[in-house]
Amino acid sequence: MRPHLPPLNALKAFEAAARHESFTRAAEELCVTQGAVSHQVKALETELAIKLFNRERQRLVITGAGREYLSVVRDALDRIAAGTERLLQRQSAGVLTVSTSPDFAAKWLVHRLGNFAEAHSGIDLRVSATLHHVDFAREDVDLAVRHGDGNWPGLEVVRLCAERLFAVCSPKLLSGRRRIAGIADILKFPLIHLDSRSDWANWLRGAGIDDAGVTHGPVLNRASMVIDAAINGQGIALARTTLSAWDLINGRLVLPFPESLPLSKTYWIVCPKATAALPKIATFREWLLAEAAADLRQLKTLAPDSDDRRPSRALRPKGPRRHSPRRSSAGE
C-alpha cells in the first residue's frame with residue numbers, strides 16, 4: 001500500500017512559511033489569507049504530532065524537527081517542479097510525427113520545412129508520406145493532413161483552405177508562336193491528365209466547350225507528376241490551389257486565364273481530440289494555416305483578368321450534367 005502522505009497544500013504552506021519566517025508573507029506568495037496558511041501549518045503539525053514552529057515575540061521560529069523536515073519537503077517540491085517542467089517541455093517540443101499524402105508532401109510541405117525548423121527549433125519534425133489514412137490509436141503519429149470532405153468522426157478537424165481547380169502551364173509554353181487568347185486555344189497544346197481523360201472533358205464542358213477532343217496528352221497517376229510535367233513545358237494541366245501554389249508563386253507555373261472550378265474536397269488538418277491542444281501540435285497546426293493563408297493572398301495577385309478586364313470567374317457546369325470533380329488534378 002502507498003504510504004500516507006500529508007496534503008500537498010499543507011506542505012506548500014509549511015515550506016513558504018519556513019522560507020519567509022512569516023505566515024503573512026507566505027500567504028502573499030501563495031495568494032491566500034494569513035489565516036489559511038496558519039490553519040494548514042497547524043493541521044500538518046497535528047497530523048505529524050510534531051511542532052514545526054515556535055511563536056516567539058510575534059516572530060516565527062522553525063524548530064529543529066521542522067528544519068529537518070523542511071529539507072525533505074523542499075527537495076520533494078523541487079523534484080516535482082523539475083519533473084513538471086520537463087513534462088511541459090516535451091509537450092511543446094520534441095518529436096512531432098506528421099502524416100501526409102505523397103503529393104501534399106512533395107508539392108506543398110517539403111519546400112517549407114526549413115522555415116518551420118528555423119522558427120521552431122525545439123520541435124523535431126518527422127514527416128511520413130503515405131496513401132492510407134493513419135489510425136491514431138495504433139500508429140505513432142501526432143497529426144495528419146488528409147484529403148477529403150472533412151468527415152472523420154472522433155477527430156479534431158480543421159480545413160487547411162478553400163480550393164479551386166484551374167489550368168496551369170509553364171511560362172515558356174506561352175512564349176512561343178502558339179498564343180492562348182481564350183479557353184478554346186487550350187486544344188492547341190498537349191493536355192496532361194490525371195488517371196483518366198475525363199477531368200479535362202468535364203472542366204472544358206464547364207467552360208462551355210462541349211465534345212472537346214481531349215484524347216491527346218499523357219495520362220499520369222500522381223498529381224505531383226502532372227504538375228511537374230506542366231512545369232517542364234510538356235503541356236497544360238489542371239491543378240488544385242494547394243498543390244500548385246508554390247510553383248505559381250515562384251513563377252514556375254502561370255495561369256493562362258482566370259476561369260476556375262470550385263472543389264468540394266480539400267485538405268484538412270486532423271488529430272485526436274484528446275491531444276489537439278498540446279502546444280507542439282497547436283503550433284504546427286497554426287503554422288500550416290498561416291502558410292496556406294499566405295499562399296491565397298499571393299495567388300490573388302497572380303490571377304489574370306480576362307481580355308475584357310472582368311474579374312476572375314468560376315466555371316459553371318452546363319445543364320443537368322453537374323460535375324464536382326471527385327479527384328481531378330487535385331490528387332491526395
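The structure we're discussing is the one just above.
What this report covers is the structure whose coordinates are included nearby.

Parameters and conventions
Residues numbered from 1 in each chain as written. Predicted model: local features only at pLDDT ≥ 70, side-chain atom pairs only at ≥ 80, totals over all residues. Heavy atoms only, no water. Axes fitted to C-alpha atoms, helices over the stretch in contact; angles between N-to-C directions. Helix = DSSP H or I, 4+ residues; strand = E, 2+ residues; numbered from the N terminus. Parallel < 35°, antiparallel > 145°, perpendicular 65-115°, else oblique. Left-handed = near helix turned anticlockwise from the far one by under 90°. Contact = heavy atoms within 4.5 Å. Nonpolar A, V, L, I, M, F, W, Y, C, P; charged D, E, K, R; others polar. Salt bridge = Lys/Arg side-chain N within 4 Å of Asp/Glu carboxyl O. Buried < 20%, exposed > 50% of the residue type's maximum accessible area, 1.4 Å probe, protein only. Pairing = 2+ DSSP bridges.

Some points on the packing of helix α8 (residues 223-231) against helix α9 (residues 241-249)
Running from N to C, α8 and α9 cross one another at 25°; their axes reach a closest spacing of 11 Å. Relative to α9, the element α8 is oriented roughly parallel. The way α8 lies across α9 gives a crossing that is right-handed. Together, Ala-223, Ile-227 and Ile-231 of α8 and Leu-243, Ser-244 and Asp-247 of α9 make up the contact between the two elements. Grouping the constituent residues of the contact of α8 with α9 by class yields four nonpolar, one polar and one charged.

A short note on the pattern of salt bridges
For the structure shown, the criterion picks out 15 salt bridges. As a salt-bridge pair, Glu-45 and Arg-55 come within 3.9 Å of each other at their nearest N and O atoms. Here the residue Glu-45 occupies a position in helix α3 (residues 34-48), and Arg-55 occupies one in strand β1 (residues 53-56), the gap between them amounting to 10 residues. For Glu-45, a relative accessible area of 12% puts it in the buried group.

Details of the sheet that holds strand β9 (residues 219-220)
The mixed open sheet is built from five strands, whose spatial order is β9-β8-β10-β7-β11. Among the strands making up the open sheet, the edge pair consists of β9 and β11 (260-262). In this sheet, β11 lies alongside strand β7 (residues 164-168) in antiparallel orientation, the contact comprising three bridges. Among the inter-strand pairings, Phe-166 is bridged to a residue of β11, identified as Ser-260. Where helix α7 (residues 198-206) meets the sheet, it contacts β7, β8 (191-194), β10 (236-240) and β11, and its direction lies at approximately 80° from that of β10. On top of the sheet, α9 reaches β7 and β10; it is set at about 115° to β10, its chief contact.

Re the sheet that holds strand β4 (residues 123-129)
Taken in spatial order, the five strands make up an open sheet running β4-β3-β5-β12-β6, and their pairing is mixed. Looking at strand neighbours, the two that pair on one side only are β4 and β6 (155-159), the edges of this open sheet. Sheet twist, expressed as the average angle between the axes of neighbouring strands with direction ignored, equals 25°. In the packing of helix α5 (residues 102-109) onto the sheet, contacts are made with β3 (94-100), β4, β5 (143-148) and β12 (266-272), and the angle to β3 comes to roughly 115°. Against the sheet, helix α10 (residues 279-302) engages β3, β4, β5, β6 and β12, with an angle of about 45° to β3.

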